[in-house]
Amino acid sequence: MEGELKELLSDIKTLKNSLPDRSQYALIENGQGSVQKSGGFVKNFIVKCSIQDMNAEVVDSNPYSRLMALQKMGIVDNYERIREFSVAIVGIGGVGSVATEVLTRCGIGHLLLYDYDTVELANMNRLFFRPKQAGLTKTDAAVQTLSDINPDVVLESYTLNITTVRGFETFMSSLRNKSFCSSKDGCGVDLVLSCVDNYEARMVVNQACNELNQTWMESGVSENAVSGHIQLLIPGKTACFACAPPLVVASGIDAHTLKREGVCAASLPTTMTTRWELLPGLLVQNTLKYLLKFGHVTPYLGYNALKDYFPTMEMKPNPQCSNSACLERQKEYALAKPARDAAAKAKMEAEAPSETKCLHEDNEWNIRFSAGGYHPRASKCR
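Each value, and the rule that gives it
- Residues numbered from 1 in each chain as written.
- Predicted model: local features only at pLDDT ≥ 70, side-chain atom pairs only at ≥ 80, totals over all residues.
- Heavy atoms only, no water.
- Helix = DSSP H or I, 4+ residues; strand = E, 2+ residues; numbered from the N terminus.
- Contact = heavy atoms within 4.5 Å.
- Areas by Shrake-Rupley, 256 points an atom, 1.4 Å probe, with all protein chains shown as cover.
- Core = buried A, V, L, I, M, F, W, Y, C linked by side-chain atoms within 4.5 Å.
- Buried < 20%, exposed > 50% of the residue type's maximum accessible area, 1.4 Å probe, protein only.
- pLDDT = per-residue confidence, 0-100.
- Salt bridge = Lys/Arg side-chain N within 4 Å of Asp/Glu carboxyl O.
- Pairing = 2+ DSSP bridges.
- Right-handed = clockwise from strand over helix to strand, strands pointing away.
- 1 Å grid on protein atoms, 1.4 Å probe; cavity = no way out; pocket = protein on both sides within 12 Å on 5 of 7 lines; lining within 4 Å.
- Points joined across faces, edges and corners; volume = space filled by probe spheres on them.
- Nonpolar A, V, L, I, M, F, W, Y, C, P; charged D, E, K, R; others polar.
- Expected span 1.5 Å × (residues − 1).
- Arc of directions from axis to C-beta.
- Phe/Tyr/Trp six-rings, centres within 6.5 Å; stacked < 30°, edge-to-face > 60°.
- Lys NZ or Arg CZ within 6 Å of the ring centre and 35° of its normal.

Draft legend 1. Examining the overall build of the protein chain more closely. Looking only at helices and strands, the protein chain has 12 helices and nine strands in total. Pairs at least 24 residues apart make up 58% of the contacts formed inside the protein chain by residues separated by at least 6 positions. Carbon and sulfur atoms form 54% of the exposed surface of the protein chain, whose accessible area is close to 22,100 Å².

Draft legend 2. Local environment of the nonpolar core. Counting 42 residues, the largest nonpolar core has Y79, I89, L103, I108, L111 and L193 as its most contacted members. Those elements that place two or more of their residues in this core are β1 (86-90), α4 (94-106), β2 (110-115), α5 (138-149), β4 (191-194), β6 (227-233) and α10 (278-292). The element that contributes the greatest number of residues to this core is α10, accounting for seven residues. The contacts of L103, once residues within four sequence positions are left out, are V87, I89, I108, L111, L193, V284, T287 and L288.

Draft legend 3. Representation of the confidence of the model for the protein chain. Across the protein chain, pLDDT averages 81, with 70% of residues at or above 70. Low pLDDT (under 50) marks residues 40-47, which in the prediction has eight contacts with non-local residues, meaning those over four places away or in another chain. Across residues 265-275, where pLDDT falls below 50, the model places 26 contacts with residues more than four positions away in sequence or in other chains.

Draft legend 4. Here's a closer look at the environment of L146. Locating L146 in the fold gives a position in helix α5. Exposure remark for L146: the relative accessible area of 0% places this residue in the buried category. Expressed as a C-alpha distance, the spacing of L146 and V102, which sit 44 residues apart in the sequence, is 9.8 Å. In contact with L146, other than residues within four places in its own chain, are T100, E101, T104, L111, L113, F128 and L155.

Draft legend 5. Here's a closer look at the pattern of salt bridges. The tally for this structure, following the rule as stated, stands at eight salt bridges. Across the pair R83 and D152 runs a salt bridge, and its minimum N-O distance is 3.1 Å. Separated by 69 residues along the polypeptide, R83 in the loop between α3 (69-72) and β1 and D152 in the loop between α5 and β3 (154-159) bring together distant segments of the chain. R83 gets classed as partly exposed once you look at its relative accessible area, which sits at 24%. Across the pair E332 and R329 runs a salt bridge whose closest N-O atoms are separated by 2.8 Å. Separated by three residues within a single helix, E332 and R329 lie in helix α11 (residues 324-335), roughly one turn from each other.

Draft legend 6. Representation of the pairing of β2 in the model. By the criterion of burial, β2 is predominantly enclosed, with six of the six residues buried. Across five bridges, β1 lies against β2 in parallel orientation. Across the sheet, the residue bridging to V90 is Y114, located in β2. Read as a crossover between parallel neighbours, the route from β1 over α4 to β2 is right-handed. Bridge count for β2 against β3 is six bridges, and the pairing is parallel. Following the sheet pairing, L111 is matched in β3 by L155.

Draft legend 7. Structural view of the layout of surface pockets. Space inside the second largest pocket adds up to approximately 660 Å³. Forming the boundary of the second largest pocket are 23 residues, of which N213, T215, I234, Y290 and K293 lie nearest the centre. When residues of the lining of the second largest pocket are assigned to their parent elements, the largest contribution, three residues, is made by α11. Taken together, the residues of the lining of the second largest pocket break down into 10 nonpolar, four polar and nine charged.

Draft legend 8. Representation of unusual backbone geometry. Even without a glycine there, the phi angle at N213 is positive, about 55 degrees. Take N213: it is sitting in the loop between α7 (199-212) and β5 (216-221). Backbone geometry at D308 places phi at a positive 50 degrees, although glycine is not the residue there. Relative to the elements of secondary structure, D308 occurs in the loop between β7 (300-304) and α11. Here D308 falls in the exposed class, since its relative accessible area comes to 51%.

Draft legend 9. Quick peek at α11. Its 12 residues give α11 an end-to-end C-alpha distance of 17 Å, which sits within 8% of 16 Å, the value for a rise of 1.5 Å per residue. Among all positions in α11, only A325, C326, R329 and Q330 are buried. For α11, the arc enclosing every buried residue in end-on projection is 145 degrees, short of the 170-degree limit, so these residues lie on one face. The outward face of α11, more than 90 degrees from its buried face, is lined by the exposed residues S324, K331, A334 and L335.

Draft legend 10. Spatial organisation of the packing of aromatic side chains. Under the definition given, this model contains five aromatic pairs. Taking 5.1 Å as the distance between ring centres and 80 degrees as the angle between the ring planes, the aromatic pair formed by F128 and F129 counts as edge-to-face. On the basis of relative accessible area, F128 is assigned to the buried category, the value being 2%. Ring geometry for Y199 versus F241: centroids 6.0 Å apart, planes at 40 degrees, classification tilted. With Y199 in helix α7 and F241 in the loop between β6 and α8 (247-250), this residue pair connects regions lying 42 residues apart in the sequence. Its relative accessible area of 24% is what places Y199 among the partly exposed residues. The side chain of R340 reaches across the aromatic face of Y333, ending 3.5 Å from its centre.

Here you go:
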């Protein structure tokens, strides 16, 4: 329809130029203005309506053309699969709000949002929230903004505190729900992203994911506000959050006593011009690599802004972990090791290069021709 309107405008312009009587120009210009307004409406309508199929056609009305370039360049096998995935994000603050926006723009299929707080004017340092949203719950404000950005994404919001008994039960129930994709194995979500700012909430997410055998990613900003980290946690395979608690907690110090009055650790990294999206960007990048299976999914990546230092490491599960669900997942992972090893061996054998075949017999020049090239000094094919 957009193309047809452009053709109509072109025809009107041609008609206007061909008219000998200028007194009729006003009528033509009125019609031209009406068509231009209709064109603007159609363009907005096209953007706002759901896109049925992703494609790589580079046109103004295709919001996925730049993303599909990842597939055209061979980085991702099938980017369209992004619509099949469901991601839960706990905490819509400095890190979580940016992560939700980036995933929405990437075309993720389903987002579950959890937060109990409301939007304040002090939150305006994040590019996600707007002044007119002050007073709204962060989940409602997020749904409002994300729906405008990409109506294709299915949004599900929960205004609750997951550290309460009732909140935890609702959290667990929502993760089990398979209404978005009934054919999923295990839980109804593919990944949980923890973007919370306190130890209790992280331990609740850890408990839920251990019980459900659900893979999740943890993220955090340090109290000095100039460093942070992301971490992949796979129950049974990697250390859970209780296997290796933060040094402060392991030392018996009350984490609440370290909280500085009037200071939000997430504010600085999400406000500074060069780093406002760094940590959420790393988190979403790791998320996309995990879901779409490309590149290396880092088990742990830290960032020290003062030294521009990115440490990485792997953490194995603690056999003496205090979390009983974690110990159960560790046993299950160990029992499944023979099957994993057999599958890995079969995959390696299938991907192994075939043996070099001799393409020609010996010749008077003693040149060996093979699939791998020629070898002047070889006299025989071996």
